[in-house]
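Spelled out, the chains give:
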Amino acid sequence: MKKVKIQKTDLEVSALCMGGCPLGGYGWGDVSRQELVNAVKTAATNGINFFDTADTYGLGESERTLAEALGSDKNNVVITTKFGVRVENGKTTYDNSRDYIFSAVEGSLKRLGRDYIDLYQVHYRDGKTPLSDVAESLERLREQGKIRYYGLSNIHKEDEIELKSLSSNPFVSFQDEYSLACRKNESEMFSFRDDFQMTPFTWGSLGQGILSGKYDKNCKFEANDRRSRDIYVNFHGEKLLKNLEIVEVLKEIANETGKSVSSVAIRWILDYLKDSVVIVGAKNPKQVLQNAESLSFELNAEQIERLEKISKE
């Protein structure tokens, strides 16, 4: 299993990280909780030692399901969870205040059944709390032994400006949406990696599933699947048609390599954005195993170029 050492830490994690959003049991269509538990177990027994979740996924259900599925193994893997999204009375707001961070970490620790969190990430900035204040709060939690390291999620140019203003950068990682279907954040991904010595994690790595090769231009989703909404652009209009062109090239390369379509899409990120960790959710063990194929091969230069060309935005 290919490992990545997270910058400025002693954490060595699998280059493939299991994403915990589907574990929340909400917004991805009909899911079986037992299948979700089995997916986590399959990941752990096949060398995946890195699991990403958040307190807002299923309003805590993802963290609880992850802890249940891992059982006694939960202390033998690396877990990252996130804070900063508050859902109260059906209203969602962002909060990076000291009081909320201290409250949120206690909730996550309880649901995860752990004494500490390996990597605690700011899910979204709240637009008012300075990054220096956020870092100070997180450093206090680190000193208390409740978290080991901390990072950023959904980064923006403003974060880059604030990081430059800090005397030193205490954040060890960052994550943002990045895939063959979404390259709008590419310059930031390289900049944060190279200029700030932070390890990049990619979410939406399969474009919410469009890059798995399972869908065509007539794909439809039930109302309980977030992908039915227009905001999930990968499955609607001209963007869907463009993505299906990418999928055709992925299928060609899958045939050439004897690997799954999804694993080729994941492999492109690993080969193109070096030293990155690819976060991919899964709803069942079969999907986990298909995704894990990405760590058993590499794309050649011509295949990388073909995918780079067809996916240029």
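What you see is a predicted model, and the numbers here were worked out from it, not measured in a lab.

(A) Looking closely at the overall build of the protein chain. Looking only at helices and strands, the protein chain features ten helices and twelve strands. With respect to the three principal axes, the spread of C-alpha positions in the protein chain is 50 × 40 × 35 Å. Taken across its 313 residues, the protein chain has 57% of its residues classed as buried. Considering only intrachain contacts with a sequence separation of at least 6, the fraction spanning at least 24 residues in the protein chain is 76%.

(B) Structural view of the pattern of salt bridges. All told, the structure shown has 25 salt bridges when counted by the stated rule. The salt bridge involving Arg-33 is made with Glu-68; its shortest N-O contact spans 2.7 Å. Within this pair, whereas Arg-33 is found in helix H1 (residues 33–45), its partner Glu-68 is found in helix H2 (residues 61–70), the two being separated by 35 residues in sequence. One salt-bridge network, held together by shared partners, links Arg-33, Glu-61, Arg-64 and Glu-68.

(C) Fine view of the sheet that holds strand E9 (residues 147–153). Here eight strands make up a closed barrel; going around it, the order is E3-E4-E5-E8-E9-E10-E11-E12 and the pairing parallel. Taking the axes of each pair of neighbouring strands and ignoring which way they run, one obtains an average angle of 30 degrees across the sheet. Sheet topology places strand E10 (residues 173–177) next to strand E11 (residues 199–203); five bridges connect them, and they run parallel. Paired with Phe-174 across the two strands is Pro-200, which belongs to E11. Sheet contacts for helix H4 (residues 131–143): strand E5 (78–83), strand E8 (117–122) and E9; angle to E9, the most-contacted strand, approximately 155 degrees.

(D) Region of interest: the environment of Ser-97. Checked against the element boundaries, Ser-97 lands in the loop between strand E7 (91–94) and helix H3 (98–112). It is 9.4 Å that separates the C-alpha atoms of Ser-97 and Pro-130, two residues lying 33 residues apart in sequence. Sequence-distant contacts of Ser-97, defined by excluding residues within four places in its chain, comprise Asp-126 and Thr-129.

(E) Quick look at the pairing of E8. Counted residue by residue, E8 has six buried out of six residues, so it is predominantly covered. Direction of pairing for E5 relative to E8: parallel, over a ladder of four bridges. Within E8, the residue paired with Thr-81 across the bridge is Tyr-120. With five bridges joining them, E8 and E9 adopt parallel strand pairing.

(F) Here's a closer look at H1. Taking 1.5 Å per residue as the helical rise, H1 with its 13 residues ought to reach 18 Å, and the 19 Å between its terminal C-alpha atoms agrees with that figure. The set of residues buried in H1 consists of Leu-36, Val-37, Ala-39, Val-40, Thr-42 and Ala-43. In the core, the buried residues of H1 are packed alongside strand E3 (16–19), strand E4 (50–52), H2 and helix H9 (285–292).

(G) Structural detail: H3. Across its 15 residues, H3 extends 21 Å between first and last C-alpha, which sits within 8% of the 21 Å expected from 1.5 Å per residue. Within H3 the residues assigned to the buried category are Tyr-100, Ile-101, Ala-104, Val-105, Ser-108, Leu-109 and Leu-112. Along the axis of H3, the buried residues cluster in a sector spanning 160 degrees; they form a single face. Facing away from the buried surface of H3 by more than 90 degrees, the exposed residues are Asp-99 and Lys-110. On its buried face, H3 is in contact with H2, E5, strand E6 (85–88), E8, H4 and E9. After H3 finishes, the residue Gly-113 shows a positive phi value of roughly 65 degrees.

(H) Representation of the packing of H1 against H9 in the model. At a minimum axis distance of 8 Å, the contact between H1 and H9 shows a crossing angle of 30 degrees. Classified by the angle their axes make, H1 and H9 are roughly parallel. In this structure, H1 meets H9 at a crossing whose hand is right-handed. Mapping the contact onto sequence places Glu-35, Asn-38, Ala-39, Thr-42 and Ala-43 in H1 and Pro-285, Val-288 and Leu-289 in H9. The residue inventory of the contact of H1 with H9, partitioned by class, reads five nonpolar, two polar and one charged.

Reading the values: the criteria
- Residues numbered from 1 in each chain as written.
- Predicted model: local features only at pLDDT ≥ 70, side-chain atom pairs only at ≥ 80, totals over all residues.
- Heavy atoms only, no water.
- Helix = DSSP H or I, 4+ residues; strand = E, 2+ residues; numbered from the N terminus.
- Buried < 20%, exposed > 50% of the residue type's maximum accessible area, 1.4 Å probe, protein only.
- Contact = heavy atoms within 4.5 Å.
- Salt bridge = Lys/Arg side-chain N within 4 Å of Asp/Glu carboxyl O.
- Pairing = 2+ DSSP bridges.
- Axes fitted to C-alpha atoms, helices over the stretch in contact; angles between N-to-C directions.
- Expected span 1.5 Å × (residues − 1).
- Arc of directions from axis to C-beta.
- Parallel < 35°, antiparallel > 145°, perpendicular 65-115°, else oblique.
- Left-handed = near helix turned anticlockwise from the far one by under 90°.
- Nonpolar A, V, L, I, M, F, W, Y, C, P; charged D, E, K, R; others polar.

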